[in-house]
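Structural features, examined
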Amino acid sequence: MITGIAHLAFRVSDLDQALDFYCHKLGMREAFRLDREGHPSPWIVYLRVAPGQFVELFPHREGPIPPQDPTAAYQHLCLAVDDMTATLQQLRDRGLDVPGEPRQGRDHNWQYWIADPDGNRIELMQMSPDSPQAAADTLA
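Residues numbered from 1 in each chain as written. Predicted model: local features only at pLDDT ≥ 70, side-chain atom pairs only at ≥ 80, totals over all residues. Heavy atoms only, no water.

Of note, Arg 106 is situated in the loop between strand E6 (103-104) and strand E7 (110-115). For Arg 106, a relative accessible area of 86% corresponds to the exposed category. Arg 106 sits 18 residues away from Leu 124 along the chain, and the two C-alpha atoms are 15 Å apart. (Helix = DSSP H or I, 4+ residues; strand = E, 2+ residues; numbered from the N terminus. Buried < 20%, exposed > 50% of the residue type's maximum accessible area, 1.4 Å probe, protein only.)

The following block contains the structure:
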């Protein structure tokens, strides 16, 4: 049976820049690296988000990654936060540009949008107790 989401993977054009963003700005930590014969090292860098949850970074060594096609299936990564105001202040303190204010979505959750250095959209979401997601979590 499916028990959760184990990882999400991104190609990144500059591994050092991506590690700075995901680790130093967002607060993830590098968990480990994998190599694969016939590929430059590292092949994949795993970043730990929470127990059993990872972001995989695949260094792309063939020039810039083309902008995402707006009709592509991938839309964004959503990261849960426990306190949106405190999280945004931490991001500012870590040097991330955080303009504007969070907004309450149609689902009653608070959200704020950022992008990684390659333009991958990331939603930060503080779950509201009266959201449909919270209600769905109470169902068996």
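That shown, we press on.
All right, on to the pairing of strand E5 (residues 77-80) then. Here E5 shows one buried face, formed by Leu 77 and Leu 79, and one open face, formed by Cys 78 and Ala 80. Across four bridges, E5 lies against strand E8 (residues 121-126) in parallel orientation. Within E8, the position partnered with Leu 79 by the bridge is Leu 124. (Pairing = 2+ DSSP bridges.)

Before going further, it helps to examine the packing of aromatic side chains. Scanning all chains against the criterion turns up six aromatic pairs. Here the aromatic rings of Phe 21 and Tyr 22 are separated by 5.0 Å at their centres, their planes lie at 90 degrees, and the arrangement is edge-to-face. When the ring of Trp 43 is compared with that of Phe 58, the centres are 5.8 Å apart and the planes differ by 90 degrees; the resulting orientation is edge-to-face. On the criterion of sequence distance, the pair formed by Trp 43 in the loop between strand E2 (29-34) and strand E3 (44-50) and Phe 58 in strand E4 (residues 53-59) is long-range, its members being 15 residues apart. Ring pairing ties together the aromatic residues Phe 10, Phe 21 and Tyr 22, which thus form one cluster. (Phe/Tyr/Trp six-rings, centres within 6.5 Å; stacked < 30°, edge-to-face > 60°.)

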